[in-house]
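Close look at the chain arrangement
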Amino acid sequence: MCNVTFGSLFKECPHPDDKQRLKLSHELGLKPRQVKFWFQNRRTQMKAQQDRADNMILRAENETLKSENYRLQAALRNVICPNCGGPCIMGADMGFDEHQLRIENARLREELERVCCLTTRYTGRPIQTMAADPTLMAPSLDLDMNMYPRHFSDPIAPCTEMIPVPMLPPEASPFSEGGVLMEEEKSLALELAASSMAELVKMCQTNEPLWIQSSEGEREVLNFEEHARMFVWPQNLKNRSELRTEASRDTSVVIINSVTLVDAFLDAQKWMELFPTIVSRAKTVQIISSGASGLASGTLQLMCAEFQVLSPLVSTRETHFLRYCQQNAEEGTWAIVDFPVDSFHQNFHPSYPRYCRRSSGCVIQDMPNGYSRVTWVEHAKVEEKPVHQIFCNYVYSGMAFGAQRWLGVLQRQCERVASLMARNISDLGVIPSPDARKNLMKLAQRMIKTFSLNMSTSGGQSWTAISDSPEDTVRITTRKITEPGQPNGVILSAVSTTWLPYSHTKVFDLLRDERHRSQMDTLSNGNSLNEVAHIANGSHPGNCISLLRINVASNSSQNVELMLQESCTDQSGSLVVYTTIDVDAIQLAMSGEDPSCIALLPQGFKIVPMLSSPITDTTNSSEPPISLNNNSGGCLLTMGVQVLASTIPSAKLNLSSVTAINNHLCNTLHQIEAALSSTNSHENGFFLCTEPTKQ
């Protein structure tokens, strides 16, 4: 009754005078101060709602202006001279149309700055314009080193010198969907779907001379001249000959049936879960065509996705594409093909670095016992940002985003899914029920996904180098966390990559085995680890989830420290990820409760095989490199660390914090080398991190 009376009066008079408030207090049996405070609170709520609505409008306008600004910039870069067909020369000879574009671009920039100022006024935090350099933002953290885990126990000298580190906003930037296809474009998309499907199937079935062995003899790569002769891309579509072409093929048998696999490809969320270390973000933008009677065959959908490598030194690749599914019942096969959409749909502005996914995908052949034979083709045109020299061979050889990596991850994840659904596997240790086993596996899966997202440039995450040396690979970043699943507060992350002259399997075996952790004091802090639970989730013994007890002096029956660890390996590389976790959280998972509320802050290692040693002398890292030798290239070891630096969002970062985390990274990498090599060969390691700074 009170709320109804107040509400009706508020609409008529949001600012009642003393007489009106006194009358209301008598009618409702309340004190005049209570009536006064209710109206004050209601006005505050109304203002907050209006501010939120205005903020949403400003954000939408901001994104629109950004997209328009980007389109105009792209138009300026791609202006063609009408006389010679070459690029136009900027200056006095600039055409009228281009001059108008520059004027419009300047107007939009001013409008964007105005909107950013208005948004800042409403949100209370500065909104960065496109012209700002994300790596030179003002420092905003002063990390209390008492919040670090126990292996950051080195004394930190007080330091007031500040270092610029990018601070991400609480919410990641929205995924740009670009738009949808109009009716007149759908017919063209369906025609391209048929031709792209025919191209993919032929590329999967044809061998030489279309596919040839790579120089190292371990991968199939495309013969571009033969491909251009066999497949003529429609003349009315844009030619992207200025971009570098990557193409590879691989075949493997996976433990999943074709129908389940096709369903995962047509569901963006399931697709991300199937490739957690590759697909960082994905979304189905538009269903253009559905199969007859609701079947998957004949489905054509518009999608957007972002692909990643687990390192901030390699840029993510963002793309829009059309995905088409077709079944060949006579042959017992399914085929999934991805082909570009931005080439004929103008609402999709190209991402940077530019990435155009040509006819790519897989042909799935049903096999007995629920298995499938998958032939995967990965074909794309790309213009990379400058790549750090240590990753040159990995990226330019096509291994970073090639078919071998996709199929290796698919094979391993299918084994993991089969293990998750199995009921006849005997686990070791304290796992009381199948539901407890499933919860522990889901917790580990989320740990892997969180680690992968936070160790890359996914979502526009910016990283800062702490050294001016071009060989330095250490990168740090900070972010604010407010959503469940991770500790709330400010997270400091650091990543470093080094090359090791050992096979990736040897490094993987060392890092995953808890019995060897005591050899690396920086990693284990001198404490031994005992495995109290073990879940096998693959045919390789290294594919497993472990629950480890940390044996420290402070441990007792009332104070037990645990570590959740998952290790996995396939032909494309290996991964060891772990996080400390308290007993209450484990008991929650073991009891069958939903583990999504358990806060995880994972760290770990990514190991990828190299076919040649890294480039150490290059004048232009944006060009495809030439290997310096033909010997086995060892492996690249990337280590990622995350720390809950502070629960206070306004904390500031000082130099001693950065020094401590840099010391930890480099000391750990040096001790891993020492554990791998003998004393006489200790100096053979090649490290690309800054030397530890003495305290």
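Owing to the predicted nature of the structure, the values given are computational and were not obtained by experimental measurement. (Residues numbered from 1 in each chain as written. Predicted model: local features only at pLDDT ≥ 70, side-chain atom pairs only at ≥ 80, totals over all residues. Heavy atoms only, no water.)

Section: the overall build of the protein chain
Note the threshold: Secondary structure elements follow DSSP: runs of H or I no shorter than four residues count as helices, runs of E no shorter than two count as strands, and numbering proceeds from the N terminus. Think of it in three bands: residues with accessible area under 20% of the maximum for their type are buried, residues over 50% are exposed, and the middle band is partly exposed, with areas taken using a 1.4 Å probe on protein chains only. Residue contacts are counted whenever heavy atoms from the two residues lie within 4.5 Å of one another.
Within the protein chain one finds 15 helices and 21 strands. Evaluated residue by residue, the protein chain yields a buried proportion of 51% over its 695 residues. Restricting the contact set of the protein chain to residue pairs at least 6 apart, pairs at least 24 apart contribute 70%.

Some details on helix α7 (residues 258-265)
Residues that lie three or four places apart on an α-helix share one face, since the helix turns once every 3.6 residues. Rule in force here: For this quantity, the arc is that covered by the directions from the helix axis to the C-beta atoms. N or O atoms within 3.5 Å of each other form a polar contact, as long as, within protein, one can give a hydrogen and the other can take it, and as long as residues adjacent in sequence are counted only when both atoms are side-chain atoms.
All buried positions along α7 are accounted for by S258, L261, V262, A264 and F265. Each buried residue of α7 sits inside an arc of 160 degrees when the element is viewed along its axis, so together they form one side. At the N-terminal boundary of α7, the capping side chain belongs to N257, with an oxygen 3.2 Å from the backbone nitrogen of V259.

Quick notes on the packing of aromatic side chains
We count it as follows: For this analysis, a ring pair means two rings from Phe, Tyr or Trp (six-membered ring only for Trp) whose centres lie within 6.5 Å, classed as stacked if their planes differ by under 30 degrees, edge-to-face if by over 60, and tilted for the remaining angles. Whether a charge sits over a ring comes down to the Lys NZ or Arg CZ being within 6 Å of the ring centre and within 35 degrees of the ring normal.
Tallied over the entire structure, the rule returns 11 aromatic pairs. With 6.1 Å between their ring centres and 90 degrees between their planes, W271 and F307 make a pair best called edge-to-face. Of the two residues, W271 sits in helix α8 (residues 268-274) while F307 sits in strand β6 (residues 300-307), which places them 36 residues apart along the sequence. The residues W271 and F307 share a single accessibility class, namely buried. For the pair F307 and Y355, a centre-to-centre distance of 6.1 Å together with 90 degrees between the ring planes defines the contact as edge-to-face. In this pair, F307 sits in strand β6 while Y355 sits in strand β9 (residues 355-357), placing the two residues 48 residues apart along the sequence. Each member of the pair, F307 as well as Y355, is classed as buried. Among the aromatic residues, those joined into a ring-pair cluster are F265, W271, F275, F307, F321, Y355, W376 and W406. For the cation-ring pair, R357 lies above W406, with the distance from its terminal atom to the ring centre recorded as 5.6 Å.

A few points about the pairing of strand β11 (residues 372-382)
In the case of a regular strand, side chains alternate between the two sheet surfaces. As a reminder, the rule being used: Two strands make a pair as long as DSSP finds a minimum of two bridges between them.
With 10 of 11 residues buried, β11 is to be regarded as a mostly interior element. Pairing analysis gives 11 bridges linking strand β4 (residues 244-254) to β11, with the strands arranged antiparallel. Of the residues in β11, the one forming a bridge with S252 is V374. Bridge analysis of β9 against β11 gives 3 bridges, and the strand direction is antiparallel. From the neighbouring strand, C356 faces β11, where its bridge partner is K381. Summarising the sheet, strand β10 (residues 360-366) and β11 pair through 6 bridges and their orientation is antiparallel. By the bridge assignment, V363 is partnered in β11 with T375. Counting the residues that bridge the hairpin from β10 to β11 gives 5 residues, and of these N369 lies at a positive phi of roughly 65 degrees.

Concerning the packing of helix α12 (residues 504-512) against helix α15 (residues 655-676)
What counts is decided by this rule: In this analysis an axis means a line fitted to C-alpha atoms, helices contributing only their contacting stretch, and an angle means the value between N-to-C directions, from 0 to 180 degrees. Relative orientations are named as follows: roughly parallel for angles under 35 degrees, roughly antiparallel for angles over 145 degrees, roughly perpendicular for angles from 65 to 115 degrees, and oblique for any other angle. Amino acid classes used here: Ala, Val, Leu, Ile, Met, Phe, Trp, Tyr, Cys and Pro are nonpolar; Asp, Glu, Lys and Arg are charged; the rest, including Gly, are polar.
For the pair α12 and α15, interaxial distance at closest approach is 11 Å and the crossing angle is 110 degrees. It follows from the interaxial angle that α12 and α15 lie roughly perpendicular. The segment α12 lies against α15, with K506, V507, L510 and L511 engaging I672, A675 and L676. Split by residue class, the contact of α12 with α15 holds 6 nonpolar, no polar and 1 charged.

Details of α12
Every buried residue of α12 is accounted for by H504, V507, F508, L510 and L511. Angularly, the buried residues of α12 cover 165 degrees about the axis, an arc narrow enough to put them on a single face. On its buried face, α12 is in contact with β15 (489-500), β18 (561-570), β19 (573-581), β20 (603-609), β21 (635-646) and α15.

Remarks on the pattern of salt bridges
Defined as follows: Criterion for a salt bridge: a side-chain nitrogen of Lys or Arg within 4 Å of a carboxyl oxygen of Asp or Glu.
Scanning all chains against the criterion turns up 15 salt bridges. Between R317 and E246 there is a salt bridge, and its shortest N-O distance comes to 3.0 Å. Of this pair, R317 sits in strand β7 (residues 317-328) while E246 sits in strand β4, and the two are 71 residues apart along the sequence. Judged by its relative accessible area of 0%, R317 falls in the buried class. For E246, a relative accessible area of 9% corresponds to the buried category.

Observations concerning the side chain of E415
Going by this rule: Charge assignment in this entry is limited to Lys and Arg as positive and Asp and Glu as negative, and neither His nor the chain termini are counted.
Mapped onto the fold, E415 is located in helix α10 (residues 403-421). Although E415 is buried, it makes no salt bridge; R412 carries the closest opposite charge, 7.9 Å away. Looking at E415, its side chain comes within polar contact range of the side chain of S539, at 3.0 Å. Contacts of E415, omitting those with residues within four sequence positions, involve I255, N537, G538, S539 and N543.

A few points about the packing of α10 against helix α11 (residues 434-454)
As a packed pair, α10 and α11 sit with axes 10 Å apart at the nearest point and diverge in direction by 155 degrees. Of the possible angle classes, the one that applies to α10 and α11 is roughly antiparallel. For the pair α10 and α11, the contacting residues are Q413, R416, S419 and L420 in the first and R437, K438, M441, A444 and Q445 in the second. Its residues assigned to classes, the contact of α10 with α11 shows 3 nonpolar, 3 polar and 3 charged.

So, the nonpolar core
Definition in use: Only buried residues count toward a nonpolar core, which is a set of Ala, Val, Leu, Ile, Met, Phe, Trp, Tyr and Cys residues joined through side-chain atoms within 4.5 Å. Note that domain bounds follow an automatic or database assignment of domains.
Grouped together as the largest cluster of nonpolar side chains are 52 residues, with contacts concentrated most on W271, F275, W376 and L410. The element best represented in this core is α10, accounting for 6 residues. Counting the residues that make up this core, at least three belong to each of domain 2 (183-232 + 241-343 + 352-421) and domain 3 (434-553 + 560-614 + 633-681). Excluding residues that lie within four positions of it along the chain, W376 makes contacts with S248, R249, D250, F265, F275, G361, C362, A403, W406, L407 and L410.

Some thoughts on the UniProt feature "DNA-binding region" (unreviewed entry) in the protein chain
Quick reminder of the rule: UniProt positions are given in the numbering used here, feature names are shortened, and annotations may be inferred rather than shown by experiment.
In the UniProt entry, the feature "DNA-binding region" (unreviewed entry) is given for residues 12-50. Taken end to end, residues 12-50 comprises 79% helix and 0% strand; its first and last C-alpha atoms sit 18 Å apart.

Observations concerning the side chain of Q486
Among the secondary structure elements, Q486 is positioned in the loop between β14 (475-481) and β15. By relative accessible area, which is 13% here, Q486 ends up buried. Only 3.3 Å separates the side chain of Q486 from the side chain of N454, close enough to count as a polar contact. Those residues in contact with Q486, other than ones at most four positions away along the chain, are T450, N454, R479, I481, A599, L600 and Q642.

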